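Below, each chain spelled out in residue letters.
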Amino acid sequence: MMFLDMRPTLLTLLLATLYSLAIQPDLLAQNGTGFFRAAGTEIVDPAGSPVVPLGMGLGGWLMPEGYMLHIAAPDGGSPTSIRNQIEDLIGSADADRFYEIYEANYVDEKDIAEMVSWGIDHLRLPFHYKLFYDPTTETFKEDGFAKLDTFLEWCRTHGLAVILDMHAAPGAQNEGNISDSDGVARLWTEPVPYQDQTVEIWKEIARRYVDEPLIMGYDLINEPVTPAPFDNPDLRALYVRIADSIRTVDTNHILFIEGNYYATHFPELDRPFDDNMVYAFHKYWNGTGQNSIDYLLRLRQDTNVPLWLGETGENSNTWFHQVSKLMDQHGIGINWWTHKKIETTTSPLSAPFAPGYEAVLDYWRGTAPRPNAVAARDALFAMAEGLDLDSCEVRTGVMAALFDPNFGTMRRPFKEHVIPGLINAADYDEGMQAVTYWDTDFAATTGAPGGGNNGTKYRNDGVDIELSTDPQGFRYNVGWMETSEWITYTVNVETAGIYDIEVRVASDPGGGRLRILMDDVAVGSDLLIGSTGGWQNWVTAALRGVSLEAGEQRLKLQVVAGGFNVNRMVFRLISGVGVEDVPDTGETLWLDAPYPNPFTDDVRVRFETGVTANVSVKLFDVLGREVHAVPSQVFAAGTHSISVRPGLAAGVYMLQLSFDNGRGESVMHRTIVKS
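Residues numbered from 1 in each chain as written. Predicted model: local features only at pLDDT ≥ 70, side-chain atom pairs only at ≥ 80, totals over all residues. Heavy atoms only, no water.

### A closer look at the overall build of the protein chain
To keep it simple, the criterion reads: Helix and strand definitions follow DSSP, with helices as H or I runs of at least four residues and strands as E runs of at least two, each counted in order from the N terminus. The rule is simple: take the accessible area with a 1.4 Å probe, protein chains only, and divide by the maximum for that residue type; under 20% is buried, over 50% is exposed, in between is partly exposed. Between two residues, a contact is recorded if the distance between any of their heavy atoms is within 4.5 Å.
Along its length, the protein chain carries 14 helices and 36 strands. Dimensions of the protein chain, computed from the C-alpha atoms along their principal axes, are close to 95 × 55 × 50 Å. For the protein chain, with 675 residues in total, the buried portion stands at 55%. Taking contacts inside the protein chain between residues at least 6 apart in sequence as the whole, the part at least 24 apart equals 71%.

Encoded structure:
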């Protein structure tokens, strides 16, 4: 089998085992059970070797969740409400066609092949119980089992194991949209008929797949939440019923047992009730220190039962890597949530927003009129088509954080940056906190969802990125910049020489000071940034006449005092040989060195402007406070000077010259000393 050497040891062993199963059935009896099993505190593969599984969840495919599709229905986007909204807009026949397109594109065999290349060894398949069971007729649905069979064949072809996950149980196992609840967890409040149906469905699944070695096991109930105080023995009782029923037809497969309260709470479950079970827990929006899982490590030690992290994700890249290291340190397998969403920064694959889809969402949000049926159908079909793997954008930072063991120490370019030229602030190097950037709030650890990116756009680090309205800048800007934060860029200075550096900034109300460094050496004075009148009211701050050496270097933006937003940097070659400079529009401003400096009574400010402009001068102390201002005046194109007599105490000050040509404002600074 040609692809055996393309995967880590676990997959290699799995493929070899499956191959053996196909042609040498007696060999499995000699070396293992032929199935994944729990053996003490470890999971072992079909050949009997201990493994630490690394997998991916397929959330959103066979059970749509509103947040993945940017749908916030009245009940939060449950599968049933989403279906009802779509049918209301385009009718049941077109809704059926939409779901055909949606499912065909969300996961296809090429998605399976792609995920194999990431280095995973198993997939967790979330399903709605109605995929296999019709509660109205109380019969099983052969078309649902046919979908599962097709999926299993894809996984067999590409050597991936599968964990089946009942993501929505009959009656709903919690009150949320993720269980397709109507607001009541009826699995617990109405055990008849819902618990009976749950037991019956699992027994039928087990009966059909008892001899399927590709299936690692059965994740019996996703994120159950019984009535408070969440240690209700009803959960244990139902698990025991399901397990006993499965074992009448299937003694081969692992039973994955999730804790109460969204797979975090294990009282009443800490007495094992099966000899082939694994405790499955979920980890979201909390810390990454060992203390966050100490109670789980004790559970494993006390019960001699393995642990498996069945869901985690939806945070920053640095958090992902820290969780990965923590689990690896303690030999705990991981299944990441989830492989694909629409317009996301937190999954490996991001599907595009389809034309017209936003109008449909706005109608559902109550902020726009109802679209006509044709427009709605076209938009929804386009959304479903856009879920195809080939239409998706790969989030390389997420991929590195999840699957590159060197992510914690690596720093690599996100884009190629050449000087002279333009550098967008949001295109900083890939890497984690303290390696390529420093942010005061780089992950969500307080129980609230989300990551460290306050703006939630473009990338998935602690760096805060939002949509920008800067007419002279990039679509995204770095925002919420605070004192001590920094970001870095790998740049190639093609020509040594004298440069002007122009930075697009915005601030309201305070401003701050920005330092630009090359290989940790400051270039020029700090940029003093005053209030621009709004967080999206952009001006240009500039360093003039700084010297840069040629070669690859590490550019660093450091917030000395903040805050403010940064959009784009322009490096203009003033004197040097070898490359064409960034085109000059003629709308330039040159600030000469103030004279005399140090000064005693007055200081002269000499400048040159390429067009007629309003020019003003302000002085700030070292704390960024404005201490003197010269009223603005209109100057024609040419060279001019202004005499400033501030009457200040001795000390160091920042002189700011502002230039407004009616289409935008540029700001530049010089440090002056009063003797």
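Additional details are given in the paragraphs that follow.
### Notes on the sheet that holds strand β9 (residues 215-219)
Test applied: Two strands are said to pair when DSSP picks up at least two bridges between them. Each axis is a line fitted through C-alpha atoms, and for a helix only the stretch in contact is used; angles between axes span 0 to 180 degrees, taken between their N-to-C directions.
Read once around its circumference, the closed barrel built from eight strands follows the order β4-β5-β8-β9-β10-β11-β12-β13, with strand pairing classed as parallel. Adjacent strand axes in the sheet meet at a mean angle of 25°, parallel and antiparallel pairs treated alike. Pairing of strand β10 (residues 254-258) with strand β11 (residues 277-283), which is carried by four bridges, proceeds in the parallel orientation. Paired with I257 across the strands is Y279, a residue of β11. The strands touched by helix α11 (residues 317-329) within the sheet are β11, β12 (307-312) and β13 (333-336), with β13 carrying the most contacts at an inclination of about 155°.

### Digging into the environment of V374
Structurally, V374 is set in helix α13 (residues 373-385). The partly exposed category is assigned to V374, whose relative accessible area is 47%. Taking the C-alpha atoms as reference points, V374 and T226, 148 residues apart in sequence, are found 43 Å from one another.

### So, the nonpolar core
Put simply, the test is: Nonpolar cores were defined as sets of buried Ala, Val, Leu, Ile, Met, Phe, Trp, Tyr and Cys residues, with membership established by side-chain atoms within 4.5 Å.
L123, F151, L164, W202, I205, Y218 and L220 are the most contacted members of the largest nonpolar core, which totals 113 residues. Examining the composition of this core, we find that ten residues originate from one element, helix α3 (residues 79-106), more than from any other. Contact partners of L123, with chain neighbours within four places excluded, come to M56, L58, I112, M115, F151, C155, L160, A161, V162, I163 and N335. Counting residues in each nonpolar core, the second largest holds 41 residues, with I423, Y476, I529 and L543 among its members.

### Observations concerning α11
Applied cut-off: The span one expects for a helix is its residue count, reduced by one, times 1.5 Å.
A rise of 1.5 Å per residue sets the reference length of α11, with its 13 residues, at 18 Å; its end C-alpha atoms lie 18 Å apart and thus fit the reference within 8%. Those residues of α11 that fall on the buried side of the exposure criterion are N317, T318, W319, F320, H321, V323, L326 and M327. Summarising the contacts, the buried residues of α11 are in contact with β11, β12, β13, α14 (396-403) and β19 (437-438). G331 lies just past α11 and shows a positive phi near 65°.

### Re helix α8 (residues 233-247)
The criterion, for reference: In protein, a polar contact means a hydrogen-donor-capable atom and an acceptor-capable atom, both N or O and within 3.5 Å, with residues adjacent in sequence counting only if both atoms are side-chain atoms; elsewhere, any N or O pair within 3.5 Å suffices.
Across its 15 residues, α8 extends 21 Å between first and last C-alpha, which sits within 8% of the 21 Å expected from 1.5 Å per residue. Of the residues making up α8, those classed as buried are L235, R236, L238, Y239, I242, A243, S245, I246 and R247. Where α8 is buried, its residues contact α6 (186-189), α7 (191-209), β9, β10 and α9 (260-263). With a side-chain oxygen lying 2.8 Å from the backbone nitrogen of D234, the N-terminal cap of α8 falls on N232.

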